Each structure stands twice: as C-alpha cells, then as structure tokens.
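In case you want the letters, here they are:
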Amino acid sequence: MAVLGVPAIAPIGKQLSIATAQPPSHTEPIAIEWLKFQVPSDQHAQFIEQDAAIWTPVLASYPGFQHKEIWTNPDQPNELVIVIHWASFEQWQAIPQSVLDNTTQRFHEAMGAEYPPESTGFRLAWSSEQG
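Residues numbered from 1 in each chain as written. Predicted model: local features only at pLDDT ≥ 70, side-chain atom pairs only at ≥ 80, totals over all residues. Heavy atoms only, no water.

S.K.: How should I be thinking about the side chain of Lys68 in this particular structure?
M.R.: With respect to the secondary-structure elements, Lys68 resides in strand S4 (residues 65-73). Under the relative-accessibility criterion, Lys68 is labelled buried at 19%. Of the polar contacts made by the side chain of Lys68, one reaches the side chain of Asp51; its length is 2.5 Å. Within the structure, the side chain of Lys68 is placed 3.0 Å from the side chain of Thr56, a separation counted as a polar contact. What Lys68 contacts, discounting residues up to four positions off in sequence, is Asp51, Trp55, Thr56, Leu59, Ile82, Val83 and Ile84. (Helix = DSSP H or I, 4+ residues; strand = E, 2+ residues; numbered from the N terminus. Buried < 20%, exposed > 50% of the residue type's maximum accessible area, 1.4 Å probe, protein only. Polar contact = N/O pair within 3.5 Å; in protein donor to acceptor, adjacent residues only side chain to side chain. Contact = heavy atoms within 4.5 Å.)

S.K.: Can you help me understand the nonpolar core in this one?
M.R.: Within soluble globular proteins, side chains that are nonpolar tend to cluster in buried spots. Residues Phe37, Phe47, Leu59, Ile84, Trp86, Phe107 and Tyr115 are the most contacted members of the largest nonpolar core, which totals 18 residues. Sorting the residues of this core by element identifies strand S3 (31-38), helix H1 (44-60), strand S5 (76-86) and helix H3 (97-111) as the ones contributing at least two each. Ignoring anything within four residues of it in the chain, the contact list for Trp86 reads Ile30, Ala31, Glu33, Leu59, Tyr62, Pro63, Gly64, Phe65, Gln66, Trp92 and Ile95. (Core = buried A, V, L, I, M, F, W, Y, C linked by side-chain atoms within 4.5 Å.)

S.K.: Quick question: what am I supposed to make of H3 here?
M.R.: For an α-helix the count is 3.6 residues per turn, leaving residues at separations of three or four pointing the same way. Over its 15 residues, H3 extends 21 Å from the first C-alpha to the last, a length consistent with the 21 Å expected when each residue adds 1.5 Å. For H3, the full list of buried residues reads Thr103, Phe107, His108 and Met111. End-on, the buried residues of H3 take up no more than an arc of 135°, which puts them together on one face. Directly after H3, the chain includes Gly112, whose backbone phi takes a positive value near 75°. (Expected span 1.5 Å × (residues − 1). Arc of directions from axis to C-beta.)

S.K.: Is there a simple way to think about the pattern of salt bridges in this case?
M.R.: Opposite charge on two side chains lets them pair, provided their charged atoms get close. In this structure the tally under the stated criterion is 3 salt bridges. Here Lys36 and Glu79 are joined by a salt bridge, their closest N and O atoms 3.8 Å apart. Highlighted residues: Lys36 in strand S3 and Glu79 in strand S5, separated in sequence by 43 residues. Linking Lys36 and Glu118 is a salt bridge whose minimum nitrogen-to-oxygen distance equals 3.4 Å. (Salt bridge = Lys/Arg side-chain N within 4 Å of Asp/Glu carboxyl O.)

S.K.: Whenever I open this one, the environment of Thr103 confuses me. Can you help?
M.R.: Counting through the fold element by element, Thr103 comes out in helix H3. For Thr103, a relative accessible area of 3% translates into the label buried. Sequence spacing of Thr103 and Leu59 is 44 residues, and the spatial spacing of their C-alpha atoms is 9.8 Å. Residue contacts for Thr103: discarding those within four places in its chain leaves Ile54, Trp55 and Val58.

Okay, structure coming up:
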C-alpha cells in the first residue's frame with residue numbers, strides 16, 4: 001500500500017509487485033453528509049433525543065442510508081457534528097426538498113428554536129478498507 005505517494009514493494013516469486021493507493025472501484029462512491037451545529041451544551045441531550053426521534057427515521061426510510069453518528073467537540077463545548085453515511089451521493093441527494101423542509105420544521109418546533117447547520121458533503125476518495 002502506498003504511503004504519502006511512496007509505493008510499497010512486495011516480492012512475489014521472482015517478480016516484484018508494486019502496490020499503489022487507488023481510489024475505490026465503486027460505480028457510485030459512498031457519500032458522507034457532515035452537519036455542524038452550534039448548540040448550547042446544556043441542550044445537547046434534548047437535541048440528540050429529538051434528532052433521533054425526528055430526523056433519523058425519516059433519513060433511514062430512504063435507500064442508501066447506512067448509519068448516523070453525532071459527535072461532540074471537546075474543544076468547542078457548544079458544537080455538535082452529525083455524520084451520516086450514505087451508499088451514494090445520488091441517493092442522499094434524491095430525498096425530496098419538501099421532505100427535508102417538513103422535517104426541519106418539525107425538528108425546530110420540537111426544540112423550540114432553530115439550529116441552522118453548516119452543511120458539507122464528502123465523496124469517498126480512498127479507503128484502507130478497499131484493499
């Protein structure tokens with residue numbers, strides 16, 4: 001496996017095989033939805049509970065949803081990051097905007113406040129799990 005662009009060399013019989021890092025061979029690369037929120041630390045439990053009750057079932061009902069994580073930032077106590085794993089960018093983006101809007105409204109009503117996310121999506125470029 002290549003590390004920092006340096007190929008690894010492994011002998012096979014009398015020949016040498018050079019392995020280099022390659023992007024995964026998926027026809028549709030997986031996607032990571034990354035959402036950062038500013039939430040007062042004393043509201044983290046409520047935010048996580050409402051997110052699990054409102055957002056997760058909606059997202060999980062769509063093809064391509066794999067799993068979801070919520071992370072805290074020990075250096076920024078008012079920051080939560082939600083990481084959602086999708087089978088493909090296209091499946092993630094296929095959720096109708098009306099569903100996203102309605103779910104956002106339900107979540108804000110349950111929280112009694114609005115929490116706009118800083119949203120970014122990532123496509124897999126390489127993984128050690130790909131071999």
